[in-house]
Amino acid sequence: MEYELVMGLETHVELNTQTKIFCRCPVRFGQPPNTDCCPVCIGMPGTLPVLNREAVHFAALAGLALHCEVHLKSQMSRKHYFYPDLAKAYQITQQQVPICGPGWLELSNGKVIRIQRIHMEEDAGKLIHNGSDVLVDYNRAGVPLIEIVTHPDFRSAREAADYLEQLQGIMRYLGISDGKMQEGSLRCDVNISVRPKGQRTLGERTEIKNMNSLSYLVKAVEYEFRRQVELLERGEEVCRETRRYDQKTGTTQLMRKKEAETDYLYFEEPDIPPVALSPQELEAWNRELPELPMQKRKRYQQEGLSPQEASSLIKYPKVADYFEEACRWVQKPSLAAKWMLTHLFAAFQNEEEKESGAFPLSPRQFGEFLQGIEAGSIRRNYAKEVLAHLIATGDPLEQSLAKIQKEDMGEKELETLCQTCLQLYPEAAADYLRGKKQAIKALLGAAMKRSKGRANPQQAQQMLEKLIHQKEKA
Ligand code: ZN
Ligand code: MN
């Protein structure tokens, strides 16, 4: 029997607000353990949470970008469970009325993934396992999160990975999260079930917790799909349970049988009034939305870029900004894309440098260089060298050109050079006369090489053709 994979995602995104969601501790990554903490975020008795308005703003922006209905009134709730990373023994989250209702996200293949809801909540601390000891770091406790919940619309691991990449891009463009999976600012739980192809009802699902890498996510989903199919094939049942992915064995392992929702004993958070937005406020936030990656991708492709070029350029906002800035000097955006991707990107040592947009030339210097190519003042055979010189020295374009670009060869000198090449490779000339027009390329290559870049390729080719035909007549 053939089986189909059915999957939904719950994605937690850490918001990069100045301060935590219920206190004034700073939100930042990589500080010494338990230094960004206060009585509120370590859950001391008698403290009162005060909701951070910036977190509400960011959550609403995410909702607007994902075409969600944003609720003018929502409510915080307590979700009870005991675990040492959660000092209060309950998490403040949103249950009955989240800040955002239904919305959707379009994958790069055009498929639409329906979003059920987005709610705000606080992050928990971090447990560090050290031999037989367990240490806890509360720096992360109280960092604002949004949780984005989809419908079970995914049919492959590839679609899930694509969704997360789109989401990452959207968060970065909104400037509300860095979306770094490896640092845990974007992590997801995967709900996964299988069913015989053609069946409409859903199979029993399992949940894989806390995936923080796209490649592990793909492996975990593929493993879990096979595991569930094998259970069904043997006539056994899939149990509702929570599992985790083990990187060493490449398998998923049972963590716990799923608690029922009621075990959390949700109730309305009595210390925080309902979250209210005015229509005017929401309207203003809606106007604040930047051009988002998917719109940018479509526009770039309309302007003549390939899908791959567009994808590479939209990945980070600063890279896209640089590209658009440089394009102000050229007619054809594809020219800027090609030079950026093949030559400027080579200057980056790693992904962080690229993300920070630390290009070796200003957009203006790069734009003027491209303009020179388009106008013909920088000749193609010198362009790479000119760019390298600009990058290495920071000299103005004029000066770089004067240093690098030599005068084209005169007619006489070019003729002598071409004669030499014909003597060196008589068989290529003969091939050309027999109708193998490609043979001219070998001769041209030799001429260009011997001229050390001083021959103009068009003129050299014309000269070679002229000389071959003269010889034939003679
Ligand atoms: Zn605090
Ligand atoms: Mn959650």
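Values in this document were obtained by computation on a predicted structure and should not be read as measured data.

Draft legend 1. Up close: the packing of helix 14 (residues 426-433) against helix 15 (residues 439-450). At a closest axis distance of 8 Å, the pairing of helix 14 and helix 15 adopts a crossing angle of 145°. Crossing hand, helix 14 versus helix 15: left-handed. Residue-level contacts link Ala428, Ala429, Asp431 and Tyr432 of helix 14 to Ala439, Ile440 and Leu443 of helix 15.

Draft legend 2. Structural context of the sheet that holds strand 11 (residues 206-211). Spatially, 5-6-9-1-10-11-12-13 is the arrangement adopted by the 8 strands of the open sheet, whose pairing is mixed. With one partner strand each, in any of the chains shown, strand 5 (103-106) and strand 13 (251-257) form the two edges of the open sheet. Taken pair by pair, the neighbouring strands of this sheet meet at an average axis angle of 30°, ignoring direction. Sheet topology note: the strand 10 (residues 186-196)/strand 11 ladder contains 4 bridges and is antiparallel. For isoleucine 192, the partnering residue across the bridge sits in strand 11 and is threonine 206. Packing of helix 1 (residues 53-65) onto the sheet brings it into contact with strand 6 (112-122) and strand 9 (144-150), and relative to strand 6 it is tilted by some 175°.

Draft legend 3. Seen up close, the coordination of the zinc ion (ligand 1). Every protein donor of the zinc ion (ligand 1) is listed here as Cys23 (SG), Cys25 (SG), Cys38 (SG) and Cys41 (SG), and their distances to the metal cover 2.3 to 2.4 Å. Each of the 4 donor atoms around the zinc ion (ligand 1) contributes to a set of angles spanning 101 to 115°, which defines the coordination as tetrahedral. When the donor residues of the zinc ion (ligand 1) are listed from N- to C-terminus, their spacing reads C-x1-C-x12-C-x2-C. Highlighted residues: cysteine 23 in the loop between strand 1 (3-14) and helix 1 and cysteine 38 in the loop between strand 1 and helix 1, separated in sequence by 15 residues. Owing to a relative accessible area of 11%, cysteine 23 belongs among the buried residues under this scheme.

Draft legend 4. Main features of the coordination of the manganese ion (ligand 2). Listed as protein donors to the manganese ion (ligand 2) are His12 (NE2), Glu121 (OE) and Glu147 (OE); their distances from the metal cover 2.0 to 2.2 Å. Positions of the donor residues of the manganese ion (ligand 2) along the chain correspond to the pattern H-x108-E-x25-E. Of this pair, histidine 12 sits in strand 1 while glutamate 147 sits in strand 9; the two residues are 135 residues apart in sequence, bridging distant segments of the chain. The exposure class assigned to histidine 12 is buried, which follows from its relative accessible area of 13%.

Draft legend 5. Spatial organisation of unusual backbone geometry. Even without a glycine there, the phi angle at histidine 67 is positive, about 60°. Along the chain, histidine 67 falls in the loop between helix 1 and strand 2 (73-74). The phi dihedral of asparagine 210 falls on the positive side, at around 55°, and the residue is not glycine. Take asparagine 210: it is sitting in strand 11. Overall, asparagine 210 belongs to the partly exposed group, its relative accessible area being 46%.

Draft legend 6. Local environment of the packing of aromatic side chains. Evaluated as defined, the whole model comprises 12 aromatic pairs. When the centroid spacing of 5.0 Å and the interplanar angle of 65° are considered together, the rings of tyrosine 300 and phenylalanine 323 count as edge-to-face. In this pair, tyrosine 300 is assigned in helix 5 (residues 293-302) and phenylalanine 323 in helix 7 (residues 317-326), connecting sequence segments 23 residues apart. Accessibility expressed as a relative area gives 1% for phenylalanine 323, which makes it buried.

Cut-offs applied
Residues numbered from 1 in each chain as written. Chains lettered and ligands numbered in written order. Predicted model: local features only at pLDDT ≥ 70, side-chain atom pairs only at ≥ 80, totals over all residues. Heavy atoms only, no water. Axes fitted to C-alpha atoms, helices over the stretch in contact; angles between N-to-C directions. Helix = DSSP H or I, 4+ residues; strand = E, 2+ residues; numbered from the N terminus. Left-handed = near helix turned anticlockwise from the far one by under 90°. Contact = heavy atoms within 4.5 Å. Pairing = 2+ DSSP bridges. Donors = N, O, S within 2.8 Å, 3.2 Å for Na, K, Ca; no water. Tetrahedral: all angles 85-135°; square planar, octahedral: opposite > 155°, others 65-115°. Buried < 20%, exposed > 50% of the residue type's maximum accessible area, 1.4 Å probe, protein only. Phe/Tyr/Trp six-rings, centres within 6.5 Å; stacked < 30°, edge-to-face > 60°.

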